[in-house]
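Read off the chains here:
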Protein chains: 2
Amino acid sequence: MVTIKEIAETVGVSIATVSRVLSNSSYPVSQDTRARILQVAQDLGYSPNLAARSLRTDQSTLIGVILDNFTSSWAPIIIRGLQDVFHRRGYFSLVVNMPWEIHSQSDVVQNLLGHSVDGFVFVETWHTVSERKDLLNTKPYVTVHRLFHEPDPYSVIPDDVYNSSLTIDHLTKLGHKRIAYIAGHEAYFSSEERLTGYKQSLEKAGLSFDESLIYRGNWSVPSGYQCTQELIQKSELPTAIAAANDQMAIGAILAVQEHGLRVPEDIAIVGYDNDEIAQISNPTLTTVQMPLFKMGQIAAENLLCQIDKKPCETTEQLIKGDLFVRQSCGDPQGKDIHASDFMREGNGAFVNRHTLKEDT
Amino acid sequence: MVTIKEIAETVGVSIATVSRVLSNSSYPVSQDTRARILQVAQDLGYSPNLAARSLRTDQSTLIGVILDNFTSSWAPIIIRGLQDVFHRRGYFSLVVNMPWEIHSQSDVVQNLLGHSVDGFVFVETWHTVSERKDLLNTKPYVTVHRLFHEPDPYSVIPDDVYNSSLTIDHLTKLGHKRIAYIAGHEAYFSSEERLTGYKQSLEKAGLSFDESLIYRGNWSVPSGYQCTQELIQKSELPTAIAAANDQMAIGAILAVQEHGLRVPEDIAIVGYDNDEIAQISNPTLTTVQMPLFKMGQIAAENLLCQIDKKPCETTEQLIKGDLFVRQSCGDPQGKDIHASDFMREGNGAFVNRHTLKEDT
DNA sequence: ATAATAATAGAAAACGTTTTCTGTGTCAAT
DNA sequence: ATTGACACAGAAAACGTTTTCTATTATTAT
């Protein structure tokens with residue numbers, strides 16, 4: 001590896017001047033020598049030893065990213081959003097999976113601090129604010145899609161209330177008056193928010209809230225299936241079922257179809273997340289998508305803002321999502337559609353994880 | 001941050017001795033002082049400044065991980081496997097998404113080298129061997145699940161031939177004699193390997209290979225759907241369809257069902273990958289799973305082996321997968337099963353990305 | 001003309017480690 | 001008794017930067 005010393009020798013100048021040019025400090029260096037140094041650095045293929053720089057400046061251009069579950073369908077997209085900003089600004093991220101079970105263990109974070117990371121991002125984690133503060137030891141941080149109930153000033157979260165009501169509004173506009181709701185696990189912050197969105201939409205539509213139409217799943221397909229089984233056993237059927245995520249909505253579809261009922265003709269169904277399965281299920285699923293990539297970007301901007309000690313957003317940022325209308329609620333125009341219509345549109349309309357568009 | 005100097009002062013000893021103890025060098029230090037230093041380090045909450053260590057030793061305990069697509073369904077699992085080993089050995093990884101389009105740009109790698117990473121992992125990338133060597137500048141590397149045709153000595157890849165024939169063998173054992181095959185995109189190494197597995201299985205079962213039963217998709221659901229449409233239009237129907245991945249298998253199911261045919265009664269279908277959808281589709285999909293987590297682990301072991309300059313595997317390592325028998329080929333015992341049976345088994349049997357078991 | 005300031009650049013210190021070099025004192029072997 | 005080996009420990013150099021301090025020259029303001 002070529003060092004500034006070598007450059008200094010070839011140019012015939014002190015290492016101080018080379019450093020001043022290459023680390024583009026504000027210190028005045030003559031146009032002539034600046035140009036010569038830049039040229040030689042280029043020729044020799046110089047790239048700075050970041051360990052040395054870090055040692056001297058106590059800045060590493062490294063960010064610690066801590067995840068609850070790397071293999072969730074959201075986390076990778078959020079990370080892409082984060083890295084989109086980080087890489088553009090010359091930062092790399094140390095991504096560490098740190099699931100619920102080991103949240104108490106702080107040695108990982110200790111180790112990250114040893115690498116003198118400049119800040120932290122918590123993605124979908126369960127940490128409490130004080131736990132984070134303890135761990136981080138005054139290093140700036142930001143959270144994305146926090147799962148816990150406790151609010152956090154530096155947090156970027158989906159506007160679950162709004163997003164949820166997007167789906168319910170869609171149903172009420174189609175004339176549904178009796179809408180069952182399969183909520184997520186109550187330990188999750190998002191569950192309660194989405195339920196609130198449901199309630200608000202009902203109120204907006206002048207419908208009364210009926211506790212007996214609320215079921216509790218645990219996000220999984222089987223739990224959606226089981227809730228729907230219970231629901232069907234009861235006396236009066238709803239005309240629509242909204243689920244707090246796509247997985248449970250899929251479970252609901254399977255249960256409904258098993259009883260010889262049709263989706264959407266007999267019962268309409270909406271989900272939440274726009275997971276890949278929403279495009280593959282039969283019928284395809286109307287759902288709402290959180291702008292995960294954008295959330296990552298915003299979080300990264302905020303963190304870098306803190307690191308640069310510039311004035312920046314210090315309140316939770318709620319990000320709105322978009323409704324994806326597919327087949328599971330019927331066509332708003334009353335047109336009859338089939339699962340295969342979707343396929344016929346060709347690849348363009350079909351987005352999977354392999355062809356993910358991120359800048360939406 | 002507390003330094004070895006502070007420890008040295010409190011203990012009343014030179015920084016050299018402290019260093020020798022804390023970096024557990026083989027240099028002799030008396031039991032007494034060793035214990036005292038360890039104690040004080042513990043009390044003060046010492047954690048080494050890794051930038052300084054890196055500067056001195058030219059080892060960073062950092063690994064560069066370069067991915068083609070972070071948001072694929074495999075990559076995160078592979079990364080978990082890698083990190084499982086890395087973290088245990090005190091290494092962190094700088095994970096960088098570097099898709100096909102920017103493969104020529106080497107500034108990212110330059111930057112990683114600036115961080116003096118100790119080695120590289122390429123996950124699902126398209127780089128040629130010489131491209132990698134150029135980029136890396138003698139740093140050790142290993143590839144996991146390479147997508148390109150060119151072989152690479154330090155590579156951990158699924159045994160696609162074997163895995164593919166697992167699915168075809170399953171079909172032939174069930175008595176199928178006319179099996180159509182939807183291959184993947186030919187640019188991918190895996191496509192040809194899986195096709196080879198198909199051919200080998202036919203031969204094993206004494207069936208002749210029929211070129212007209214081979215279709216080419218591009219891994220997507222719609223492409224599987226379209227291939228199957230073509231296939232159905234032709235004169236004689238096959239009794240089974242095997243697809244080179246689950247997505248295309250799902251497309252096949254949709255197309256078959258659209259024509260009023262039943263899966264598996266009229267046409268059996270198998271996939272490849274054991275994606276999450278394989279459990280959710282109706283019928284659920286018989287498929288084969290690559291041990292991605294394990295592949296990551298093996299790759300990490302190999303890389304650390306190279307870094308430690310110990311003798312290690314220098315040929316491609318082929319990893320075998322496992323068959324997951326579900327509903328889409330019918331039950332081998334002739335029992336009749338329904339989509340909902342699967343749900344009734346409860347959550348235990350159902351594994352999604354949220355409840356992923358990694359040590360399989 | 002002179003003092004004050006600005007532009008420019010080198011010397012050297014500093015960041016926190018590891019490791020070489022140099023020294024002690026102890027012990028066993030001659 | 002002297003040598004050699006060994007266990008132990010401190011001093012100091014080194015890693016590649018950035019930055020403070022100091023010095024020289026050129027420019028400007030009086």
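No experiment lies behind these values; they were computed from the predicted model shown.

## Looking at the environment of A:Val117
Residue and element names in this part refer to chain A.
Reasoning step 1: By the element assignment, Val117 lies in the loop between helix H6 (107-114) and strand S3 (119-123).
Reasoning step 2: It is 52 Å that separates the C-alpha atoms of Val117 and Ile267, two residues lying 150 residues apart in sequence.
Reasoning step 3: In this view, Val117 contacts Ser60, Leu62, Ile63, Gly64, Leu94, Leu112 and Lys139; residues no more than four positions away in its chain are not counted.

## Topic: unusual backbone geometry
Leaving glycine aside, a negative phi is the common case for residues, and trans is the common case for peptide bonds.
Residue and element names in this part refer to chain A.
Reasoning step 1: Put simply, Val263 and Pro264 share a cis peptide bond, and its omega is 5°.
Reasoning step 2: Along the polypeptide, Pro264 turns up in the loop between helix H11 (246-258) and strand S9 (268-270).
Reasoning step 3: Put simply, Asn282 and Pro283 share a cis peptide bond, and its omega is 0°.
Reasoning step 4: At Asn274, a position not held by glycine, the phi torsion is positive, near 50°.

## Description of empty space enclosed by the protein
Reasoning step 1: A complete count under the given rule lists one cavity of 30 Å³ or more for this structure.
Reasoning step 2: Taken as a whole, the largest cavity holds about 140 Å³ of empty space.
Reasoning step 3: If you go around the largest cavity, you meet 14 residues; those closest to its centre are A:Ala51, A:Leu62, B:Ala51, B:Leu62 and B:His115.
Reasoning step 4: Secondary-structure elements contributing two or more residues to the lining of the largest cavity are helix H4 (50-57) of chain A together with helix H4 (50-57) of chain B.
Reasoning step 5: Taken together, the residues of the lining of the largest cavity break down into six nonpolar, eight polar and no charged.

## Some points on the protein's contact with DNA strand C
Reasoning step 1: Near DNA strand C, the surroundings consist of 28 residues, among which A:Ser14, A:Thr17, A:Tyr27, B:Ser19 and B:Arg56 are the closest.
Reasoning step 2: Sugar and phosphate atoms constitute 53% of the interface atoms of DNA strand C, taking the interface as everything within 4 Å of the protein.
Reasoning step 3: Within the backbone of A:Ser14, a nitrogen or oxygen atom sits 2.7 Å from a phosphate oxygen of DNA strand C.
Reasoning step 4: Contact distances for DNA strand C include 3.4 Å between a phosphate oxygen and a side-chain N or O atom of A:Thr33.
Reasoning step 5: Within the residue set of the surface near DNA strand C, elements represented by two or more residues are helix H2 (15-22) and H4 of chain A together with helix H2 (15-22) and H4 of chain B.
Reasoning step 6: Looking at the surface near DNA strand C, the element that brings in the most residues is H4(B), giving five residues.
Reasoning step 7: Partitioning the surface near DNA strand C into residue classes produces 14 nonpolar, nine polar and five charged.

## Section: the domain arrangement of chain A
All names here are of chain A.
Reasoning step 1: The assigned domain composition of chain A is domain 1 (4-48), domain 2 (62-158 + 294-319) and domain 3 (160-290 + 322-349).
Reasoning step 2: Look at where the C-alpha atoms of domain 2 and domain 3 centre, and you get two points 31 Å apart.
Reasoning step 3: At the interface, 12 residues of domain 2 touch 12 residues of domain 3.
Reasoning step 4: Here domain 2 is connected to domain 3 by zero salt bridges.

## So, the pattern of salt bridges
Reasoning step 1: Under the defined criterion, the tally for this structure stands at 26 salt bridges over all chains.
Reasoning step 2: Between A:Lys320 and A:Asp159 there is a salt bridge; the shortest N-O distance is 3.5 Å. On the criterion of sequence distance, the pair formed by A:Lys320 in the loop between strand S11 (317-319) and strand S12 (322-324) and A:Asp159 in the loop between strand S5 (155-158) and helix H8 (160-173) is long-range, its members being 161 residues apart.
Reasoning step 3: Since its relative accessible area comes to 48%, A:Lys320 is described here as partly exposed.
Reasoning step 4: Given a relative accessible area of 11%, A:Asp159 falls into the buried group.
Reasoning step 5: Across the salt bridge formed by B:Arg89 and B:Asp308, the nearest N and O atoms sit 3.1 Å from each other. Separated by 219 residues along the polypeptide, B:Arg89 in the loop between helix H5 (75-88) and strand S2 (92-97) and B:Asp308 in the loop between helix H13 (292-307) and strand S11 (317-319) bring together distant segments of the chain.
Reasoning step 6: Using a relative accessible area of 39% as the deciding quantity, one classes B:Arg89 as partly exposed.
Reasoning step 7: Linked by salt bridges that have partners in common, A:Arg89, A:Glu301 and A:Asp308 make up one network.

## With respect to the sheet that holds strand S6 (residues 179-183) of chain A
Residue and element names in this part refer to chain A.
Reasoning step 1: Sheet architecture is open: four strands sit in the order S7-S6-S8-S9, paired in parallel fashion. Strands with a single pairing partner mark the edges of an open sheet, and in this sheet they are strand S7 (214-216) and S9. The sheet shows a mean angle of 20° between the axes of neighbouring strands, direction not considered.
Reasoning step 2: Sheet analysis places S6 next to S7, joined by three bridges and oriented parallel.

## With respect to the protein's contact with DNA strand D
Reasoning step 1: In the vicinity of DNA strand D, 27 residues are found, and the nearest of them are A:Ser19, A:Arg56, B:Ser14, B:Thr17 and B:Tyr27.
Reasoning step 2: Looking at DNA strand D alone, sugar and phosphate atoms form 53% of those within 4 Å of the protein.
Reasoning step 3: In this structure, A:Ser19 approaches DNA strand D through a side-chain N or O atom, which is 2.5 Å from a phosphate oxygen.
Reasoning step 4: Between B:Arg20 and DNA strand D, the recorded distance is 3.0 Å, taken from a side-chain N or O atom to a base nitrogen.
Reasoning step 5: When residues of the surface near DNA strand D are traced back to their parent elements, those giving at least two are H2 and H4 of chain A together with H2 and H4 of chain B.
Reasoning step 6: Within the surface near DNA strand D, the residues separate by chemical class into 13 nonpolar, nine polar and five charged.

## Topic: the pairing of S2(B)
All names here are of chain B.
Reasoning step 1: Burial of S2 is extensive: six of the six residues sit out of reach of the surface.
Reasoning step 2: Side chains of S2 alternate between two faces, with Phe92, Leu94 and Val96 and Ser93, Val95 and Asn97 buried alike.
Reasoning step 3: Where strand S1 (residues 62-67) lies against S2, six bridges are found, and the strand directions are parallel. Its bridge partner lying in S2, Ile63 is registered against Ser93.
Reasoning step 4: In terms of handedness, the path from S1 via H5 over to S2 forms a crossover that is right-handed.

The rules behind these values
- Residues numbered from 1 in each chain as written.
- Chains lettered and ligands numbered in written order.
- Predicted model: local features only at pLDDT ≥ 70, side-chain atom pairs only at ≥ 80, totals over all residues.
- Heavy atoms only, no water.
- Helix = DSSP H or I, 4+ residues; strand = E, 2+ residues; numbered from the N terminus.
- Contact = heavy atoms within 4.5 Å.
- 1 Å grid on protein atoms, 1.4 Å probe; cavity = no way out; pocket = protein on both sides within 12 Å on 5 of 7 lines; lining within 4 Å.
- Points joined across faces, edges and corners; volume = space filled by probe spheres on them.
- Nonpolar A, V, L, I, M, F, W, Y, C, P; charged D, E, K, R; others polar.
- Near = heavy atom within 4 Å.
- Polar contact = N/O pair within 3.5 Å; in protein donor to acceptor, adjacent residues only side chain to side chain.
- Domains from an automatic or database assignment.
- Salt bridge = Lys/Arg side-chain N within 4 Å of Asp/Glu carboxyl O.
- Buried < 20%, exposed > 50% of the residue type's maximum accessible area, 1.4 Å probe, protein only.
- Pairing = 2+ DSSP bridges.
- Axes fitted to C-alpha atoms, helices over the stretch in contact; angles between N-to-C directions.
- Right-handed = clockwise from strand over helix to strand, strands pointing away.

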